[in-house]
Amino acid sequence: MGKESDEVILLDYWPSMYGMRLRVALAEKEVKYEFKEEVVGGVKSPLLLKMNPIHKKIPVLIHNGNPVCESLIAVEYIDEVWKDKAPFLPSDPYQRAQARFWADYIDKKLYAPGRKTWDAIGKEEEGKKELIESLKVLELEALGDKPYFGGESFGFVDIALIGFYSWFYTFETFGNFNMEAECPKLIAWANRCMQRESVSKSLADPHKIYELILTYRKHFGLE
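Each value, and the rule that gives it
Residue numbers restart at each chain and count upward from 1, following the sequence in its written direction. Totals for whole chains, interfaces and linings use every residue, but because this is a predicted model, local features are given only for residues with pLDDT of at least 70 and side-chain atom pairs only at 80 or more, for both listing and counting. To get the side-chain values, all heavy atoms of the structure are used, and hydrogens and water are removed first. UniProt positions are given in the numbering used here, feature names are shortened, and annotations may be inferred rather than shown by experiment. Only DSSP runs of H or I with at least four residues qualify as helices, and only runs of E with at least two residues qualify as strands; both kinds are numbered from the N terminus onward. A helix is expected to span 1.5 Å multiplied by its residue count minus one. A residue's bend is given by the angle between axes fitted to the 7 residues ending at it and the 7 residues starting at it. Aromatic pairing here means that ring centres of Phe, Tyr or Trp (its six-membered ring) are within 6.5 Å. Orientation follows from the plane angle: under 30 degrees is stacked, over 60 is edge-to-face, and everything else is tilted. Burial classification: accessible surface area is computed with a 1.4 Å probe over protein chains only, and a residue below 20% of its type maximum counts as buried, one above 50% as exposed, and the rest as partly exposed. Distance and angle both matter: a charge sits over a ring if NZ of Lys or CZ of Arg is within 6 Å of the ring centre and within 35 degrees of the ring normal. Polar contacts, as counted here, are pairs of nitrogen or oxygen atoms within 3.5 Å of one another; within protein the pair requires one atom able to donate a hydrogen and one able to accept it, and residues that are adjacent in sequence qualify only if both atoms are side-chain atoms. Whether two residues are in contact is decided by their heavy atoms, any of which lying within 4.5 Å being enough.

Taking an unreviewed UniProt entry as the reference, the protein chain is identified by name as glutathione transferase belonging to Anisodus tanguticus. Quoted verbatim from the Catalytic activity (unreviewed entry) field of the UniProt record, the comment on the protein chain reads "RX + glutathione = an S-substituted glutathione + a halide anion + H(+)". Its UniProt record, at the heading Sequence similarities (unreviewed entry), says of the protein chain: "Belongs to the GST superfamily."

A. Spotlight on helix 7 (residues 156-175). In this model, helix 7 (20 residues) spans 28 Å end to end at C-alpha, consistent with the 28 Å of a helix rising 1.5 Å per residue. Largest kink in helix 7: about 50°, centred on Trp167. Of the residues flanking the end of helix 7, it is Asn176, one or two places downstream, whose phi is positive at about 60°.

B. Summary view of the packing of aromatic side chains. Applying the stated criterion to the full structure yields 14 aromatic pairs. Aromatic side chains Phe101 and Trp102 sit 5.0 Å apart centroid to centroid with 85° between the ring planes, which places their arrangement in the edge-to-face category. Here Phe101 falls in the partly exposed class, since its relative accessible area comes to 45%. Its relative accessible area of 14% is what places Trp102 among the buried residues. Between Trp102 and Tyr105 the ring centres are 5.3 Å apart and the planes differ by 70°, which places this aromatic pair in the edge-to-face class. Pair noted here: Trp102 and Tyr105 are both in helix 4 (residues 93-109), with a separation of three residues, about one helical turn. Residues Trp102 and Tyr105 agree in their burial class; the two are buried. Taken together, the ring pairs in this structure connect Trp118, Trp167, Phe171, Tyr216 and Phe220 into an aromatic cluster. Positioned above the aromatic ring of Phe88 is the side chain of Lys29, whose terminal nitrogen or guanidinium carbon lies 4.7 Å from the ring centre.

C. Layout of the side chain of Arg21. Turning to its location among the elements, Arg21 is positioned in helix 1 (residues 17-28). Here Ala160 takes part through its backbone oxygen, which lies 2.8 Å from a polar atom of the side chain of Arg21. Apart from residues lying up to four places away in sequence, Arg21 is in contact with Ser71, Leu72, Val75, Ile106, Asp107, Ile159, Ala160 and Phe164.

Right under this line is the structure:
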């Protein structure tokens, strides 16, 4: 059980959709933490290299000096340690397995095609097609007509996906498509999530991410 006196540090980079998972999870559990910025693409800090010597990547949750790496693992850790708030994962073993399946699907199916829309000249259309297909599967097979992926309550799969919402504007602008027209239920879900203070205060501004990517594209001659 987590205590109020616990030291919690988050090594993260503000536009990271994976780091946003941890920010939302910690906010849901009302856990106070210190945010330490790690700029992706810059010099890795000694603390990051010490706490994540295998992958050397953010985000890293540090709880009383002990590192927890990989965002979905860290979200589960937060759920297990701070049990006094509503759980992220269902108690039923089958439903819990299903939640983990869809969170894994999100990790495997969204990042690469999303990146193609803004970081691969000539592959924008391919990335758009793959991304929309994967989002439609989530919308139809996992979300359906439910308010949240787990049903009536905000939970594990919602936390796994919501960070990508901050990137939707960038994906659709460079991919030349309208996310709401393609996946209306998913956008309605995202708007519902944004009504939660834990989400709205934890997610990065979509327009700031777009501006960051514009700068990146100019730097690498993609404009």
